[in-house]
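Examining the three-dimensional arrangement
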Amino acid sequence: MYEQRPSALRRFFSGIWTVIDTSRRIVFNLIFLLLLIAFASLFFGSSGLKIEEKTALVLNFKGPLVEQRTGGPRDRLLSEVRGGAGDQTQLRDVLAVLEAAAKDPKIDSAVLILDDFGGGGLVALREVAAALERFKAGGKKVVAWGSEYNQRRYFLAAHANEVYLHPMGSVLTEGYGGYRNYYKDALDKLGLSANVIRVGNYKNFGETYVANAPSKATIEADTLLYTDLWATYTSAVEKARKLPAGAINKGIEALPQSLIAVEGNAARLALESKQVDGLKTQDELRDLMIERGAKDEKNKTFRQVGFENYLSTLRAPMMGDAVGVVVAEGGIDDGDAPPGKVGGRSTSQLIRKARNDDQIKAIVLRVNSPGGSAVASEMIRRELELTRKAGKPVIVSMGNVAASGGYWISMSSDEVIADPATITGSIGVVAMLPTGEKAMEKLSIGTGGVTTTWLAGAYDPRRALDPRMAQMVQSVIGNIYTDFKAKAAAARKSTPEKIDEVAQGRVWTGNQAKERGLIDRLGSYTDAIKSAREKGKLGDDARTVYVEADRSSFERLLEQLGGASLMASLSDYARSAFAEYLTGVMPELSASGVMADAQRDLGWLKQIAERAKSGSPMTGYVHCLCVAE
């Protein structure tokens, strides 16, 4: 019988599919095999990490310093595999490692390697600096080295016993503040209107869309804020480096002339100005550490253990009474949000989970949020209120930013503790209803139709905003502001009138907030944990647990295997092969880049317009135009 052969085209596509399918099977089977090996190593054998005497702890932080990693373990694993910028250093991990290493007799020193460190807000940096000081207090030295130090890296390096810089490197401290884009004229030319409606003379979130420059109120508030933050930074560095008060500001003012005097040699200038203790290449640092400690003959370096590897050896107790920590990091949105963001529903569920856990005797809400949805913020505050009524103490620990909605969720607690450098306050409300009626005219596009009531078409981004809708929104956000002040007054044992004097959407540092009665006291995250233990009638050694959403079995396995340290254990071949496979099959996954300020700001405007159209146009936002410094 005659057998018809497949066409050439069919054979071609069949061959492509065979290659793709085979590649997929090989790559995923390889990863599955490596996971099984890691699983077996974890549960049926030792970790393989043996720490000997005179070992140096290498604090090679990677990426930005965060309160909570963004996404789940699976998201981070995939990000790392495909070569994305998935590196983040979690503050809680740094504190845990330094606390354990300070008590570990086999760790005799620490080495800060900060070239891959993405920095963090001043509050988080101060937490790490304090942990370094506690490590040093036990008689253990900290040595810092960098090929160059920017302002944030240098803050940590300054708290080392010795600071070394590459001979071609530099130290750059610039100060705080900066410039924003203002879009009024640009939006006018495009035929777009932001229609910002606000309550609070200093509530400048949205100002960038309706002005061409900052208002006097914004200049006034920002000047007071940044001046205090900069004083906190400089005084801490000058104290750590034993420099005269005002040395940093004098150095910045004289920088052009000082560089000329040293013929443009920035490293020499850093040495002469006592910002660093010496100039060394990395191999010279290695020789120094071998001389002081012990040599690793196999790897031809000093005896050491990396940050991630040491972290993987720490095992927290699983049972016993505890302080439960709920992290509220990022913008506050309605509904559910993944780790690294705050969801009105999801964060409320975490608080409820902690409240219903009999082993958790007190809760710490760690806030690092500029705010967002007023409704979501109130949902979270209400859960904390119910927790207190149930007899469990609630302590709020403010991180880099706890402003506007971040302050709202802090208003039901037994104690509010902020760092001197926390950005907080911003008690005010704003709404935006962007429209593009003039853009429609420019495009010669008309709109028309029939509605049964005026309200059905009162907000349509294609048409001019109905004055009645604007009036309604103003009334609604005015009511939210009144409620905000009343709740703040009740929380602070004050009156709405007195709160109004320090509200109006204005941001304050922790120092300034304490002076104005917006917080209870200044202190650190460690202080908040101690306070929770006291109020929960727990011992000093009571465990601390982080209350997070339930994970799948696979995600729990990844977390137990160490997250980032798991990827370090995968072979370079497997990692590069998988990354190459993803890049070839799905090139969009490998695309990366930093969004410009304008893209970010206008993206906000688009997002708000979509929410107003699909949800309620009368949504109020309790968000500050502020970022962690």
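Throughout what follows, the structure given in this document is the object of discussion. (Residues numbered from 1 in each chain as written. Predicted model: local features only at pLDDT ≥ 70, side-chain atom pairs only at ≥ 80, totals over all residues. Heavy atoms only, no water.)

Topic: the overall build of the chain
Across its full length, the chain holds 25 helices and 24 strands. Buried positions account for 48% of the 629 residues belonging to the chain. For the chain, the exposed surface amounts to about 31100 Å²; the carbon and sulfur share of it is 54%. (Helix = DSSP H or I, 4+ residues; strand = E, 2+ residues; numbered from the N terminus. Buried < 20%, exposed > 50% of the residue type's maximum accessible area, 1.4 Å probe, protein only. Areas by Shrake-Rupley, 256 points an atom, 1.4 Å probe, with all protein chains shown as cover.)

Some thoughts on the packing of aromatic side chains
One pass over the full model with this rule turns up nine aromatic pairs. With centroids separated by 6.1 Å and ring planes inclined at 80°, the aromatic side chains of Y176 and Y233 adopt a geometry described as edge-to-face. Residue Y176 is found in the loop between β6 (162-165) and α6 (184-190), and its partner Y233 is found in helix α8 (residues 216-240); the two are separated by 57 residues along the sequence. Summarising the burial analysis for this pair, Y176 and Y233 share the class buried. Aromatic ring contacts, followed pair by pair, group F155, Y176, W230 and Y233 into a single cluster. Stacked on the ring of Y546, the Lys or Arg R92 has its end atom at 3.9 Å from the ring centre. For the cation-ring pair, R506 lies above Y202, with the distance from its terminal atom to the ring centre recorded as 4.8 Å. (Phe/Tyr/Trp six-rings, centres within 6.5 Å; stacked < 30°, edge-to-face > 60°. Lys NZ or Arg CZ within 6 Å of the ring centre and 35° of its normal.)

Details of the packing of helix α3 (residues 91-103) against helix α4 (residues 122-137)
Closest axis-to-axis distance for the α3/α4 pair is 9 Å, and the angle between their directions is 5°. The orientation of α3 relative to α4 falls into the category roughly parallel. Taking contact as the criterion, the partners of L91, V94, L95, L98, A101 and A102 in α3 are, on α4, A124, E127, V128, A131, L132 and F135. Looking at the contact of α3 with α4, its residues break down into 11 nonpolar, no polar and one charged. (Axes fitted to C-alpha atoms, helices over the stretch in contact; angles between N-to-C directions. Parallel < 35°, antiparallel > 145°, perpendicular 65-115°, else oblique. Contact = heavy atoms within 4.5 Å. Nonpolar A, V, L, I, M, F, W, Y, C, P; charged D, E, K, R; others polar.)

A short note on the nonpolar core
Nonpolar side chains in soluble globular proteins tend to be buried together. Grouped together as the largest cluster of nonpolar side chains are 73 residues, with contacts concentrated most on L57, L59, F61, Y149, F155 and V364. Ranked by residues supplied to this core, first place goes to α4 with nine residues. Those residues in contact with Y149 that sit more than four places away from it in its chain are L114, A144, Y154, A157, V163, Y164, L165, S170, V171, L172 and V276. Counting 53 residues, the second-largest nonpolar core is a separate cluster that includes A354, A402, A488 and A503. (Core = buried A, V, L, I, M, F, W, Y, C linked by side-chain atoms within 4.5 Å.)

Some thoughts on a negative patch on the surface
A contiguous patch of negative charge on the surface is contributed by D283, E284, D287 and E291. Structurally, the position occupied by E284 is in helix α12 (residues 282-292). (Patch = residues over 30% accessible without salt bridge, like charges linked within 9 Å, V, L, I, M, F, W, Y side chains within 5 Å. Salt bridge = Lys/Arg side-chain N within 4 Å of Asp/Glu carboxyl O. Lys, Arg positive; Asp, Glu negative; His and termini not counted. Charge placed at Lys NZ, Arg CZ, Asp CG, Glu CD.)

Concerning the pairing of β6
Burial of the side chains of β6 extends over both faces: E162 and Y164 are buried on one face and V163 and L165 on the other. Across four bridges, the pairing between strand β5 (residues 141-146) and β6 is parallel. Across the sheet, W145 pairs through a bridge with Y164, a residue of β6. The β-α-β motif built from β5, the intervening helix α5 (residues 151-157) and the parallel element β6 has right-handed crossover chirality. The sheet contact formed by β6 and strand β8 (residues 278-279) spans two bridges and is parallel. (Pairing = 2+ DSSP bridges. Right-handed = clockwise from strand over helix to strand, strands pointing away.)

A look at α12
Those residues of α12 lying buried are L285, L288, M289 and I290. In this fold, the buried residues of α12 make contact with β1 (55-59), β4 (107-113), β5, β6, β9 (295-296) and β10 (301-302).

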